[in-house]
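For reference, the chains in residue letters:
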Amino acid sequence: MGLDKMKIKQKNKIALIILIVLTQFGSSILGYLLSLNVLMTSSSAIEFSKVILAGSLTSLIASPLIGIMVDKYNKKLLLFIAQVISIIVLALFFWNSFLNKNLSVTWIILLIIVLNLTDTLVSTTLMSSAVYMVDSEEELGQFNGWQQTIDSSCSLLGPIIAGIIYPFVSITQAIGFEVLCESLAIIAILYLKFNSTSVVNQEFEEEFSDLNMESTSLVDSIKYLLKKKILLFLFVGMLMMNLLLSSITIGYPTIVINYFPDNSIAVGFLNASIPLGMIISGLYFAHKQLDNDNLNIVIKSWYTCGISLIAISLSILLLHFSVFLMVIMLILISLVLGLALTAGKVPILVYFQKHVVPQQQGRIFSILDIGVQISIPLGTVVYGILFDYFSFVSTFLISGVLIIIFVIMIQKTILRDEQLKWEDEGSENYFTSQQSNRPK
């Protein structure tokens, strides 16, 4: 019996990995190919920006509705429907690309909108399904570790592969490949097994007995988030990190242009170092059980991010005389930064999965997604202005110092509240055990 259960569990893990790979990897390649196609055929940055903006706005607008759907309907059915919609739309575009060899920007934007909608639905559903797919709370870290590893791998390899095959593959062939990926993903969904109950503590669910679980209002979820101090601080922390780490998104290309524009190898290694660090960190968590909530890991990872930005500033200041030394140092710093980003994200996801009632997780994760969708473009705009008016050294230095100050401000609150919670639970467990040991 134990062996059969272990086989089922292993099948579930394999089916989950295959599902995430097929949905993320195919979309990453196709999305980048479509963007390149628009840029190459139109030679217009405006047309290219329309494609990027369409994808971002779609996720931002659709996230609240998707969160409500995930909480309300059967999760396996939602995954299945998302794949069917993707296949139907891709098949229509596949046929249209045969009739019209050059797809217009409008058609490409429509395709990207549909792909973003279905990908957002799949990712939100999987995130809120974690508590129904694992056998214990300790396995949530492994679930998120695998998901972050695959996401980071797709982010790293998708654009690289798309750039390599772009001269040799037509859009029609790329769409056909994506249809194949989405079709195979349906098979993986059919093999997924969902438990009838979540792995979160029953005591935790009873805490929400006064909450109307039939409500699908995002307002209720926002009110709940505001009441929970630790969850709120973690949410704000994620937004601040995304905002301040946009200095990397804008700063690195600017550094490349100014210091080593003709060194394509150095640029390639630099661009790959952060995703590589994220993959390594994700693999670590995929094989590690998080026994407690481990918010200490989050705090340390945020400190590491702040120190990394300061280190980038010092590297530019002290090593600008040697492009080789500066590149090596920036690659090492970026690798550490990638390790820290995933090391901070996985425990936060686990914490939310363990401390948000399952019937609300879809909406809570959609709120998180909305925050990320807003903070990243905002940070991009802010740092686009800052790097035009201030030096690399001062911008990275101030950003790193701001992160450290922010972490110091919230560290005591998060860890103190968490310690009090564990002490209360420990006292309650002790009292319960003493009661049960009394002679009757």
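Residues numbered from 1 in each chain as written. Predicted model: local features only at pLDDT ≥ 70, side-chain atom pairs only at ≥ 80, totals over all residues. Heavy atoms only, no water.

Colleague: Before we move on, could you go through the overall build of the protein and cite the residues and values that matter?
Modeller: When its secondary structure is counted, the protein shows 15 helices and zero strands. Each of the 440 residues in the protein was classed as buried or not, and the buried ones make up 47%. Pairs at least 24 apart in sequence give 88% of the contacts found in the protein among residues at least 6 apart. With an accessible surface of roughly 21600 Å², the protein has 68% of that area assigned to carbon and sulfur atoms. (Helix = DSSP H or I, 4+ residues; strand = E, 2+ residues; numbered from the N terminus. Buried < 20%, exposed > 50% of the residue type's maximum accessible area, 1.4 Å probe, protein only. Contact = heavy atoms within 4.5 Å. Areas by Shrake-Rupley, 256 points an atom, 1.4 Å probe, with all protein chains shown as cover.)

Colleague: Mind laying out the packing of helix α13 (residues 323–355) against helix α14 (residues 361–389), listing which residues take part and the relevant values?
Modeller: α14 packs onto α13 with a crossing angle of 150° between their chain directions and a minimal axis gap of 10 Å. As α13 packs across α14, the resulting crossing turns out to be right-handed. Two secondary-structure elements touch here, α13 through L349, F352 and Q353 and α14 through Q361, I364, F365 and L368. Tallied by class, the residues present in the contact of α13 with α14 amount to five nonpolar, two polar and no charged. (Axes fitted to C-alpha atoms, helices over the stretch in contact; angles between N-to-C directions. Left-handed = near helix turned anticlockwise from the far one by under 90°. Nonpolar A, V, L, I, M, F, W, Y, C, P; charged D, E, K, R; others polar.)

Colleague: Any chance you could break down the nonpolar core for me, citing the residues and the numbers?
Modeller: In this structure, L234, I312, F352 and F396 are the most contacted members of the largest nonpolar core, which totals 53 residues. Counting residues per element, the ones that place at least two in this core are α8 (218–227), α9 (229–244), α10 (246–259), α11 (264–286), α12 (295–319), α13, α14 and α15 (392–437). The element contributing the most residues to this core is α13, with eleven residues. Sequence-distant contacts of F352, that is, excluding residues within four places in its chain, are made with L225, L231, L234, F235, Q361, I364, F365 and L368. Ranked by size, the runner-up nonpolar core spans 32 residues in total, among them A15, L16, I150 and A188. (Core = buried A, V, L, I, M, F, W, Y, C linked by side-chain atoms within 4.5 Å.)

Colleague: A description of the environment of Y224 should follow, citing residues and the corresponding values.
Modeller: With respect to the element layout, Y224 can be found in helix α8. We classify Y224 as buried; its relative accessible area is 8%. Spatially, the C-alpha atom of Y224 lies 9.2 Å from that of V356, the residues being 132 residues apart in sequence.

Colleague: I'd like a rundown of the packing of α12 against α13, residues and numbers included.
Modeller: Helix-helix packing: each pair is described by the crossing angle between the helix axes and the interaxial distance. One way to put it is that α12 packs onto α13 with a least axis distance of 8 Å and a crossing angle of 165°. It follows from the interaxial angle that α12 and α13 lie roughly antiparallel. Between α12 and α13 the crossing geometry is left-handed. Residues belonging to the contact of α12 with α13 are distributed by class as follows: 22 nonpolar, five polar and no charged. (Parallel < 35°, antiparallel > 145°, perpendicular 65-115°, else oblique.)

Colleague: Quick one: what's the story with the side chain of T149, residue by residue and with numbers?
Modeller: By secondary structure assignment, the location of T149 is in helix α5 (residues 140–165). At 2.7 Å, the side chain of T149 and the backbone oxygen of G145 are in polar contact. At 3.0 Å, the side chain of T149 forms a polar contact with the backbone nitrogen of L283. For T149, the contacting residues outside a window of four places in its chain are I279, G282 and L283. (Polar contact = N/O pair within 3.5 Å; in protein donor to acceptor, adjacent residues only side chain to side chain.)

Colleague: Give me the confidence of the model for the protein: which residues, what numbers.
Modeller: Detailed reading of predicted coordinates is not advised where the pLDDT is low. Per-residue confidence for the protein gives a mean pLDDT of 76; residues scoring 70 or more make up 80%. Element-level mean pLDDT values for the protein span from 47 in helix α7 (residues 202–206) up to 90 in α12. Within the model, pLDDT remains below 50 along residues 1–8, and this stretch shows two contacts once partners closer than five positions in the same chain are excluded. Note that residues 422–440 has pLDDT below 50 and, in this model, three contacts with residues that lie over four places away or in other chains. (pLDDT = per-residue confidence, 0-100.)

Colleague: Quick rundown of the packing of aromatic side chains? Include the residues and the values.
Modeller: The full count for this structure, using the stated rule, is five aromatic pairs. Aromatic side chains Y259 and F392 sit 6.1 Å apart centroid to centroid with 50° between the ring planes, which places their arrangement in the tilted category. Of this pair, Y259 sits in helix α10 while F392 sits in helix α15, and the two are 133 residues apart along the sequence. Under the relative-accessibility criterion, Y259 is labelled partly exposed at 27%. Since its relative accessible area comes to 12%, F392 is described here as buried. Measuring from ring centre to ring centre gives 5.4 Å for F387 and F396, while their planes differ by 55°; the resulting arrangement is tilted. Residue F387 shares its accessibility class with F396, and that shared class is buried. (Phe/Tyr/Trp six-rings, centres within 6.5 Å; stacked < 30°, edge-to-face > 60°.)

Colleague: Let's hear about the side chain of S27: which residues, and what values?
Modeller: Tracing the backbone shows S27 in helix α1 (residues 2–42). When its relative accessible area of 9% is taken as the criterion, S27 is described as buried. Apart from residues lying up to four places away in sequence, S27 is in contact with D119, E178 and E182.

Colleague: Describe the environment of S153, listing the residues and the values that go with them.
Modeller: When you line up the elements, S153 lands in helix α5. Residues S153 and M278, 125 residues apart in the sequence, show an inter-C-alpha distance of 8.4 Å. Ignoring anything within four residues of it in the chain, the contact list for S153 reads G158 and I279.

Colleague: Could you give an account of a nonpolar patch on the surface, with specific residues and numbers?
Modeller: Residues L77, F80, I81, I85, F177, L180, L184, I187, L190 and Y191 make up a contiguous nonpolar surface patch of about 910 Å² in total accessible area. Of all the secondary-structure elements, those providing two or more residues to the nonpolar patch are α3 (75–99) and α6 (171–191). One can find I85 in helix α3. (Patch = residues over 30% accessible without salt bridge, like charges linked within 9 Å, V, L, I, M, F, W, Y side chains within 5 Å. Salt bridge = Lys/Arg side-chain N within 4 Å of Asp/Glu carboxyl O.)

Colleague: Run through the environment of L157, naming residues and quoting values.
Modeller: Among the structural elements, L157 can be located in helix α5. Among the residues examined, L157 registers a relative accessible area of 40% and is labelled partly exposed. Taking the C-alpha atoms as reference, L157 lies 8.2 Å from F25; in sequence the two are 132 residues apart.

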